[in-house]
Structure formats: C-alpha cells, structure tokens
Amino acid sequence: MLALRCKESPAHCRYLSLVYLVKTTEVLKPAEREAPRLLEQIDPKRLPRHVAIIMDGNGRWAQRRHLPRVAGHRAGVIAARNVIETCANLHLPTLTLYAFSVENWRRPKTETDFLMRLLREYLRKELPEIHRNNIRLIILGRVDVLPEAVRKDIREAMAKTANNTGMTLAVALNYGGRAEIVDAFNSILKQVRHNGSGTNAVSEEMISRHLYTAGLPDPDLLVRTSGEMRVSNFLLWQIAYAEIYVTETLWPDFDRVKLYEALLDYQKRERRYGGLGAPEATRESA
Ligand code: FPP
C-alpha cells in the first residue's frame, strides 16, 4: 500500500515498502523469541572485555532485495544501533565497529559521499541516546583527512561523551591496520626526536601506547559477518590473540540473537595464548 502512494524513485519505493514490512513483522520474528533463553546461558563473568566487529554484507543484503546498495547501509545503521544497545546492556567494556576503511575510498564517489552523510546523520540522531546510556564515543582512524563537516561532528560527539564511564564505543573510520601501525611508528619517532635520544629500542608496550586504541584492552572477540574469511586490515596488531567468529549472516540481519550466539560460542573457547590448556598443564606439572 505504501509503495502505491510512493512518489519517490521505484527503487526508493521498494526500499520504503521493505522498511514498512520489516517494521510490521519485527514483533513476529521467531528468532527474537530465542533471545531470553540465550541470554540466560551467557556467563556475565566471562564476557569479552572488547568485541570488535567487521560489519560486512550491506551491499549483498540490498542486492538480494533488488534495492540500491545505500538501502543496505541504512539497514546496517539499524543493526549497529541494536548491537550497540545490546552490548551496553550487557556492560561490555568496549565495542569497536569497522565503519569505513582507508580502502573504502575506492568505491564510487556517490557511495562514499552517502556513507559520510549517513555517519553524520547517525551522530546527529543517536548522540543523545548514546550519551544517555553513559557511552563514551571515540573514533579510530585518519580523521584529520576527512571532510571538515564530518570532523566537526566527530569532535563535538567525542567532547560530549568524553567523561562518560560506561561502555567505550570505538568507530573505526578511515581506518587501516597498516596505516595505524605506520602512524604509531611515526609518533614514536617524533617523540624520540623531541625528547632527544634516551630510547634506542621499541617495545610491544610502547607500540600499543602509540596506536589509535591506546588505553583500550585488545579485542577478545573479533566478529565478521557475511562469511568472508578475511581480517581486511582491521586492528592487525590488536587481534593477535583474539578469538575469531565468522557468521554467514549479513550485517543488516545481525541482531541481538546473533550477538548472543557469538558470545556463547566465545565462552566455549579455550584460550591458550600460546601456552598449554588447563588439563594438559596440570598433567605436565604433576
Ligand atoms: C560493508 O558492507 C559495510 C560498510 C562499508 C560499512 C558501512 C557500515 C554501516 C553503514 C553501518 C553503520 C555503522 C555506524 C557505526 C553508523 P559492504 O558494502 O561492503 O557489503 P558487500 O560486501 O555485501 O558489498
């Protein structure tokens, strides 16, 4: 019915009809009924301190519905909002979302412009809620080369939430893992030059302190949606010991049930950090 009265382009009308359909069927989603049962199984004492997510599959989600790619990104924002809310409710200390990579500039200008606009729209609409939930927002990436309007919104959002003490939400924007390591080394060099000599070797701890993520715990869990088995230049230094969880689910379909499933899977893992597992270590030392 909505589509019949729609005065927009046919693709946009299809998108609006879909949003209408999704909204009206949301309450009936069978998977949502699973949520309380899954939540009960999560051990709150063994939650990851940092979950990092490669949000992939917006384009494919749209394509499967014969919608323009940008509709997938809009649906992706809704998924991001739900995941942020769920993580904050679980009292996860840190959530990082990979929103835009340094490589994403290779996409058509219409799409990159749209993504920048979408980010500003997101900040404008969601900032009050983020702030109300005591979430601290930070941005990881080469922010200084982004358009001034985007930089201004980012500065204001970060300043507003800087003293919040709940979850840290890190949005990776114009981010590249290699670029981050290069920036860290240049920052170390600058510091060494400034202080005169004194340091003649770098340490892991020193590198960590100069990364965009300085002060944050390394991710315990790295989630990637849409099934690709790649890390795509994301947090290369920090994911050294992260548990990786890849799901076929496309990002716009990644809801709180999917997040609970990822957390339950993580809690089944035995993390050895290159050492021996608990039973083996006991046997060896006996
Ligand atoms: C990948 O889908 C997703 C992105 C390029 C990032 C955009 C993410 C959002 C719009 C979510 C919003 C997040 C925040 C924090 C506001 P893709 O286009 O690469 O999908 P494809 O691989 O199917 O083409």
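So, here's what we can say about the structure. (Residues numbered from 1 in each chain as written. Predicted model: local features only at pLDDT ≥ 70, side-chain atom pairs only at ≥ 80, totals over all residues.)

The next point concerns the overall build of the chain. Each helix and strand counted, the chain has ten helices and six strands in total. The proportion of buried residues among the 286 residues of the chain is 31%. (Helix = DSSP H or I, 4+ residues; strand = E, 2+ residues; numbered from the N terminus. Buried ≥ 20, exposed ≤ 12 C-beta atoms within 10 Å, placed from the backbone.)

Running from N to C, helix α5 (residues 109-132) and helix α6 (residues 148-161) cross one another at 15 degrees; their axes reach a closest spacing of 10 Å. As judged from the angle between their axes, α5 and α6 are roughly parallel. The handedness of the crossing between α5 and α6 is left-handed. Within the contact between the two elements, α5 uses M116, L119, R120, L123, L127, I130 and H131 and α6 uses A149, V150, D153, A157, K160 and T161. (Axes fitted to C-alpha atoms, helices over the stretch in contact; angles between N-to-C directions. Parallel < 35°, antiparallel > 145°, perpendicular 65-115°, else oblique. Left-handed = near helix turned anticlockwise from the far one by under 90°. Contact = placed C-beta atoms within 7 Å.)

All right, on to the site of the ligand then. Not every one of the 18 residues close to the ligand is listed here, only the nearest: N58, G59, R60, G76 and A80. Secondary-structure elements contributing two or more residues to the shell around the ligand are α3 (58-64), α4 (69-89), β2 (94-101) and α5. In terms of residue class, the shell around the ligand is built from ten nonpolar, six polar and two charged. (Near = placed C-beta within 6 Å. Nonpolar A, V, L, I, M, F, W, Y, C, P; charged D, E, K, R; others polar.)

Turning to unusual backbone geometry, a few remarks are in order. The residue N134 is not glycine, and still its phi comes out positive at about 65 degrees. The residue N134 is located in the loop between α5 and β3 (136-140) in this model. Given 13 C-beta atoms within 10 Å, N134 falls into the partly exposed group. Positive phi is not limited to glycine here, since S232 has a value of about 45 degrees. Structurally, S232 can be placed in the loop between β5 (221-224) and β6 (243-246).

Keep in mind that these numbers describe shape and distance, not what the molecule does.
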